[in-house]
Amino acid sequence: MASKQKSVCGSCNENIQLKEDFIICDGCGLQWYGKVQFDCSQLEKPDSIKKSDIRPNVEGTKGTSLKEAIQRWQEKTGQNPSEATEVMLYFQWPPIQVLDNSFSMIPKCEKLSLSTNMIEKVAGMAHLSHLRILSIGRNYIKNFAGLEAVANTLEELWISYNLIERMKGVGLLKKLKVLYMGNNLVKDWSEFKQLQEVTTLEDLLFDGNPLCEASEESVWKAEIIKRLPNLKKLDGDTVIRAEED
């Protein structure tokens, strides 16, 4: 166990909040439960933590509605939802399970965090015409459906630790610069190629997908760099191309 507690996430370099019994990253939305302290390297791959600790059992519990979550946030922060540009709805208890048109309550939102809930589908995004950054890591998202509604504004998508296997629809996000989607279920290059349609992409986090585990790190990273010619950062490391040597 690390002797010195870090305050920055090893995945995205954003601040980490230390709560009584869990840790949350303000950036990529990763959270860990249990009264244990971690440094950045452990935060990236908390192999010692049981899945049951990370995904609490809420079977039979009614989820928090999106409207209720926004109202809680308003009560906690004292901000007016209709004027807010940054809204944090991560780690609701009980977790948010369904997204809906309640996003109409935060029409000016530019940065939205929904991480660590139990969301299966993206919906209601048409009301978020100013959204630039969406953090929705640690949910049960299976695909990119629903994100097309914010395709004209979304610049950063933090969607690690979900259940994404198919990448259909990601090519619609024409302004996307940052995509954190490590630890999903993408296993085929035929799926990954759809990401090549996003020519604006500069920063990609992809480690932890079956596609990466099927070959040596140097091999799959070289293949990603070749397929994404405009990429500047891969899994936290600056991309260095052969012509730059």
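Just so it is clear, the model here is predicted, and its values are computed rather than measured. (Residues numbered from 1 in each chain as written. Predicted model: local features only at pLDDT ≥ 70, side-chain atom pairs only at ≥ 80, totals over all residues. Heavy atoms only, no water.)

It is not clear to me how helix α6 (residues 217-227) should be interpreted in this structure. Could you clarify?
Side chains three or four residues apart in an α-helix point the same way, a direct result of the helix having 3.6 residues per turn. Within α6 the residues assigned to the buried category are Trp 220, Lys 221, Glu 223, Ile 224 and Ile 225. At its buried positions, α6 is contacted by α4 (189-192), β9 (203-205), α5 (210-213), β10 (233-234) and β11 (237-238). (Buried < 20%, exposed > 50% of the residue type's maximum accessible area, 1.4 Å probe, protein only. Helix = DSSP H or I, 4+ residues; strand = E, 2+ residues; numbered from the N terminus. Contact = heavy atoms within 4.5 Å.)

Help me understand the side chain of Arg 241 in this model?
Mapped onto the elements, Arg 241 comes out in the segment after β11. On the basis of relative accessibility, which here comes to 13%, the residue Arg 241 falls in the buried class. Within the local environment of Arg 241, its side chain forms a polar contact with the backbone oxygen of Leu 228, the two atoms lying 2.9 Å apart. One polar contact links the side chain of Arg 241 to the main-chain carbonyl oxygen of Pro 229, over a distance of 3.1 Å. Not counting residues up to four positions away in its chain, the partners in contact with Arg 241 are Ile 225, Leu 228, Pro 229, Asn 230 and Leu 231. (Polar contact = N/O pair within 3.5 Å; in protein donor to acceptor, adjacent residues only side chain to side chain.)

Could you clarify how one ought to interpret the packing of aromatic side chains in this entry?
Any aromatic ring pair is given by two values, namely how distant the centres are and how the planes are angled relative to each other. For the structure shown, the criterion picks out 3 aromatic pairs. Measuring from centroid to centroid gives 5.3 Å for Trp 189 and Phe 192, while their planes differ by 80°, and the two rings are edge-to-face. Taken as a pair, Trp 189 and Phe 192 lie in helix α4 at a separation of 3 residues, close to a single helical turn. For the pair Phe 192 and Phe 206, a centre-to-centre distance of 5.2 Å together with 80° between the ring planes defines the contact as edge-to-face. In this pair, Phe 192 is assigned in helix α4 and Phe 206 in the loop between β9 and α5, connecting sequence segments 14 residues apart. For the pair Phe 192 and Phe 206, a shared accessibility class is recorded, and that class is buried. Taken together through their ring pairs, the aromatic side chains of Trp 189, Phe 192 and Phe 206 make up a single cluster. Just above the ring of Tyr 161 sits the side chain of Arg 138; from NZ or CZ to the centre is 3.8 Å. (Phe/Tyr/Trp six-rings, centres within 6.5 Å; stacked < 30°, edge-to-face > 60°. Lys NZ or Arg CZ within 6 Å of the ring centre and 35° of its normal.)

Help me understand the pattern of salt bridges in this model?
A side chain with one charge can pair with a side chain of the opposite charge if their charged atoms come near. Using the criterion set out here, one finds 10 salt bridges in the structure. A salt bridge links Arg 132 to Glu 155; the nearest nitrogen and oxygen atoms lie 3.6 Å apart. Residue Arg 132 is located in the loop between β5 (111-113) and β6 (133-135), and its partner Glu 155 is located in the loop between β6 and β7 (156-158); the two are separated by 23 residues in the primary sequence. Taking the relative accessible area as the measure of exposure, Glu 155 reaches 24% and is therefore partly exposed. Residue Glu 217 is joined to Lys 221 by a salt bridge in which the shortest nitrogen-to-oxygen separation is 2.8 Å. With Glu 217 and Lys 221 both in helix α6 and 4 residues apart, this pair spans about one turn of that helix. (Salt bridge = Lys/Arg side-chain N within 4 Å of Asp/Glu carboxyl O.)

When you look at helix α3 (residues 66-77) in this model, what are you seeing that I'm missing?
In a regular helix each residue adds 1.5 Å, so 12 residues correspond to 16 Å; α3 covers 16 Å between its end C-alpha atoms and thus fits that length. Within α3, the full set of buried residues consists of Leu 66, Ala 69, Ile 70 and Trp 73. Here the buried residues of α3 occupy an arc of 100° about the axis, which is enough to place them on one side. Residues of α3 that are buried in the fold lie against β4 (86-88). (Expected span 1.5 Å × (residues − 1). Arc of directions from axis to C-beta.)

Where do I start with the environment of Val 87 in this structure?
One can find Val 87 in strand β4. Counting along the chain gives 24 residues from Val 87 to Lys 111, while the straight-line C-alpha distance between them is 6.4 Å. Apart from residues lying up to four places away in sequence, Val 87 is in contact with Trp 73, Ile 106, Cys 109, Lys 111, Leu 112 and Ser 113.

Help me understand the sheet that holds β7 in this model?
Hydrogen bonds along the backbone pair up the strands of a sheet, which may run parallel or antiparallel. In space, the 8 strands of this open sheet follow the order β4-β5-β6-β7-β8-β9-β10-β11, with mixed pairing throughout. Only two strands of the sheet have a single partner each, and these edge strands are β4 and β11. (Pairing = 2+ DSSP bridges.)

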